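# Remarks on the overall topology
The residues making up each chain are set out below.
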Amino acid sequence: MQAPTMNTRSTRARLAPIAPRLEAWRRLLVWSTLLLVGAVLLGWPAPAQAIRIKEIAAVQGVRSNQLTGFGLVVGLDGTGDQTTQMPYTAQGLNNYLQQLGLTLPADGKMQLKNVAAVLVTAQLPAFAQPGQMIDVTVSSVGNAKSLRGGTLITTPLKGADGEIYALAQGNLLVGGAGAAAGGSKVQINHLSAGRIPSGAQVERSVPTPFALGNTIDLGLNSADFLTARRVAEAVNARMGAGTASAVDGRVVRLLAPANTDARVRFLAEVEELQLEATVPAARVIINTRTGSIVMNQAVTLGPCAVAHGNLSVSISSTPVISQPNPLSTGGQTVVTEKTDIQISQDNGSLIEMNAAPQLSDLVRMLNGLGATPQDLLAILQAIKAAGAMNAELEVI
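Counting of residues starts from 1 at the beginning of each chain's written sequence and follows it residue by residue. In keeping with the model being predicted, local features are shown solely for residues with a pLDDT of at least 70 and side-chain atom pairs are shown and tallied solely at 80 or more, while totals for entire chains, interfaces and linings include all residues. Processing note: side-chain calculations cover all non-hydrogen atoms of the structure and skip hydrogens and water entirely.

As a reminder of what qualifies: UniProt positions are given in the numbering used here, feature names are shortened, and annotations may be inferred rather than shown by experiment.
Under the annotation held in an unreviewed UniProt entry, the protein chain carries the name Flagellar P-ring protein and is attributed to Hydrogenophaga taeniospiralis CCUG 15921. Check the Subunit (unreviewed entry) section of the UniProt entry for the protein chain; it says "The basal body constitutes a major portion of the flagellar organelle and consists of four rings (L,P,S, and M) mounted on a central rod." Among the UniProt annotations of the protein chain, the heading Sequence similarities (unreviewed entry) holds the following wording: "Belongs to the FlgI family."

Following this line, the structure appears as structure tokens:
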């Protein structure tokens, strides 16, 4: 073995005074690593996720408005409405032509194959000003086969008060295709509805209470008293005591500056404030039409026992032909049906379900039953009725 050089000896001499501190830091790093690994293995709860106020609340009175109007789509390739069955298409075109100074005979029958009556809908965003463009959706209300390649003529869009807020016009974008010939038909996606990006121009703005009064109300997306209290506390901690107060479980009232520029800056800071996310109320959503079941993390299960057996009923019908005897007079051939009904029921065993304090435990318990989604609908309702599930069942 080589003897240590002079550089090695000098380095050790310089590190000798701080050697105890280095050893202490090494031990601290080792213990910290062990604690972290132990926390992961033991499943210690992770810190709550922080959310911004803008994600759970919105300024009351600042919202979008729905617009709708009746219009005509022209330029179709023979796929428009059949005017003999859809008289309002011909009436709408007649009214439009009269506005252009064209008068049709009263008894004139128009055979329109390139025109379709449509309903135009749009969302007027908050703070929209005259001259801005918004998207519109065009949907057929008649028996038009396709709106592909059509052009929407000028259509007034009205609000709930009957006033005109925008004018729509433009070429439709239809995300589908189709062809028919010789009695055969092929279609991809939906052809009776389309969209016009930036297809409407705003003609009138909607006043909002944003700049009125000394207060601004924040409306929570879901009513929760704990969330309302935390929002008020976060605002008061950042903007000063007394700035925010929780009116109820849905509304938090803010004292806002009178100047509009200062008010915008104030709301921008408030919306970016973060607070700890609250645990939602335990709820199970059941869709009886599709058999879908969705539950959140707050759902827990108490000890219970479940027995569920499947009952199936099968009905088969077989046609039976009864013919008259040979050379008989007045006899007729009669077709009847022979029906067979069978009922089968599987044996159901009583299964004990232990307490499930976490969502993962509940999912594992329900999967252990081996039941179909339709069977789980009845099982969850029965468990809730027995008082073994602390969740609210909501059927949609």
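### Details of the overall build of the protein chain
Rules: Numbering of helices and strands runs from the N terminus, with a helix taken as a DSSP run of H or I at least four residues long and a strand as a DSSP run of E at least two residues long. Only protein chains enter the accessibility calculation, which uses a 1.4 Å probe; a residue is then buried when its area is under 20% of its type maximum, exposed when over 50%, and partly exposed in between. Any two residues having at least one pair of non-hydrogen atoms within 4.5 Å are treated as being in contact. For accessible areas, the Shrake-Rupley method is used with a probe of radius 1.4 Å. Any residue's cover is judged against the shown protein chains and nothing else.
Counting its regular elements, the protein chain contains 7 helices and 21 strands. A total of 396 residues make up the protein chain; the buried ones form 28% of that total. If you take every contact in the protein chain between residues at least 6 apart in sequence, the share linking residues at least 24 apart comes to 69%. Element-wise, carbon and sulfur atoms account for 55% of the exposed surface of the protein chain, whose accessible area totals about 25800 Å².

### Overview of the sheet that holds strand S2 (residues 57–59)
Operational definition: Note: two strands are recorded as paired if DSSP finds a minimum of 2 bridges between them. Fitted lines through C-alpha atoms give the axes, limited to the stretch in contact for helices. The angle between two N-to-C directions lies from 0 to 180 degrees.
Ordered in space as S2-S11-S13-S12, the 4 strands form an open sheet in which the pairing is antiparallel. The two strands at the open ends of the sheet, each matched to only one other strand, are S2 and strand S12 (244–246). When strand polarity is set aside, the average angle formed by the axes of neighbouring strands in this sheet is 25°. Across the sheet, helix H4 (residues 225–239) is in contact with strand S11 (215–220), S12 and strand S13 (251–255); its angle to S12 comes to roughly 170°. Packed on one face of the sheet, helix H5 (residues 260–271) meets S2, S11 and S13 and runs near 135° to S13.

### Examining the sheet that holds strand S5 (residues 133–140)
Ordered by their spatial adjacency, 6 strands build a closed barrel running S3-S4-S5-S10-S7-S6, and the pairing between neighbours is antiparallel. Neighbouring strand axes in the sheet, compared pairwise and without regard to direction, differ in orientation by 30° on average. Judged from the 3 bridges that link them, strand S7 (residues 164–171) and strand S10 (residues 193–202) form a sheet pairing that is antiparallel. Across the sheet, residue Ala168 finds its bridge partner in S10, namely Ala200. Each of strand S3 (65–74), strand S4 (116–124) and strand S6 (151–158) touches helix H3 (residues 87–99); the most contacted strand, S3, lies at about 90° to it.

### Observations regarding the pairing of S4
Sheet topology note: the S3/S4 ladder contains 9 bridges and is antiparallel. Bridge pairing in S4 links Gly69 to Val120. As defined by bridge partners, S4 adjoins S5 across 5 bridges and the pair is classed as antiparallel. In the sheet register, Thr121 faces S5, and the bridge partner there is Thr137.

### Some thoughts on the packing of H4 against H5
The test is simple: Angles are sorted into four bins: roughly parallel if under 35 degrees, roughly antiparallel if over 145, roughly perpendicular if 65 to 115, and oblique for all others. Here is the rule for handedness: rotate from the far helix to the near one, and if that takes an anticlockwise turn smaller than a right angle the crossing is left-handed, while a clockwise turn gives right-handed. Charged residues are taken to be Asp, Glu, Lys and Arg, nonpolar residues to be Ala, Val, Leu, Ile, Met, Phe, Trp, Tyr, Cys and Pro, and polar residues to be all remaining types, Gly included.
Remark: H4 packs on H5, axes separated minimally by 10 Å, with the N-to-C direction vectors making an angle of 125°. Accordingly, the angle class assigned to the pair H4 and H5 is oblique. For the crossing formed where H4 meets H5, the hand is right-handed. Here Val235, Arg238 and Met239 of H4 lie close against H5, whose contacting residues are Phe266, Glu269 and Val270. When its residues are assigned to classes, the contact of H4 with H5 shows 4 nonpolar, no polar and 2 charged.

### Some words on the packing of aromatic side chains
Inclusion rule: Two rings from Phe, Tyr or Trp (for Trp, the six-membered ring) form a pair when their centres sit within 6.5 Å of each other. Planes less than 30 degrees apart are called stacked, planes more than 60 degrees apart edge-to-face, and all others tilted. Two limits define a charge over a ring: the Lys NZ or Arg CZ must be within 6 Å of the ring centre, and within 35 degrees of the ring normal.
Inspection of every chain in the model, using the stated rule, returns 1 aromatic pair. Its guanidinium or amino end placed over the ring of Tyr165, Arg204 lies 5.6 Å from that ring's centre, counting from NZ or CZ.

### Brief notes about the nonpolar core
Here is the rule we go by: Throughout, nonpolar core names a set of buried Ala, Val, Leu, Ile, Met, Phe, Trp, Tyr and Cys residues whose side chains join them through atoms within 4.5 Å.
Membership of the largest hydrophobic core comes to 25 residues, with the highest contact counts inside it found for Val138, Leu147, Leu152 and Leu157. For this core, the secondary structure elements donating two or more residues are S3, S4, S5, S6, S7 and S10. Looking at this core, the element that brings in the most residues is S4, giving 5 residues. Sequence-distant contacts of Leu147, defined by excluding residues within four places in its chain, comprise Leu76, Ala116, Val118, Val138, Ser140, Leu172, Val174, Leu191, Ser192 and Ala193. If you look at the next biggest cluster of nonpolar residues, it comprises 22 residues, including Phe210, Ala228, Val252 and Leu254.

### With respect to the environment of Lys113
With respect to the helices and strands, the residue Lys113 is situated in the loop between H3 and S4. We classify Lys113 as exposed; its relative accessible area is 58%. Separated by 30 residues in the primary sequence, Lys113 and Thr83 place their C-alpha atoms 8.0 Å from one another. If we ignore the near neighbours within four places in the chain, the residues touching Lys113 are Gly78, Thr79, Gly80 and Asp81.

### Looking at a nonpolar patch on the surface
The line we're drawing: Two joining distances apply to patches: 9 Å for like charges and 5 Å for nonpolar side chains (Val, Leu, Ile, Met, Phe, Trp, Tyr), and every residue must have over 30% relative accessible area and no salt bridge. A pair is scored as a salt bridge if a Lys or Arg side-chain nitrogen falls within 4 Å of a carboxyl oxygen belonging to Asp or Glu.
Together, Phe70, Leu119 and Val141 make up an exposed nonpolar region whose accessible area comes to about 230 Å². Counting through the fold element by element, Phe70 comes out in strand S3.

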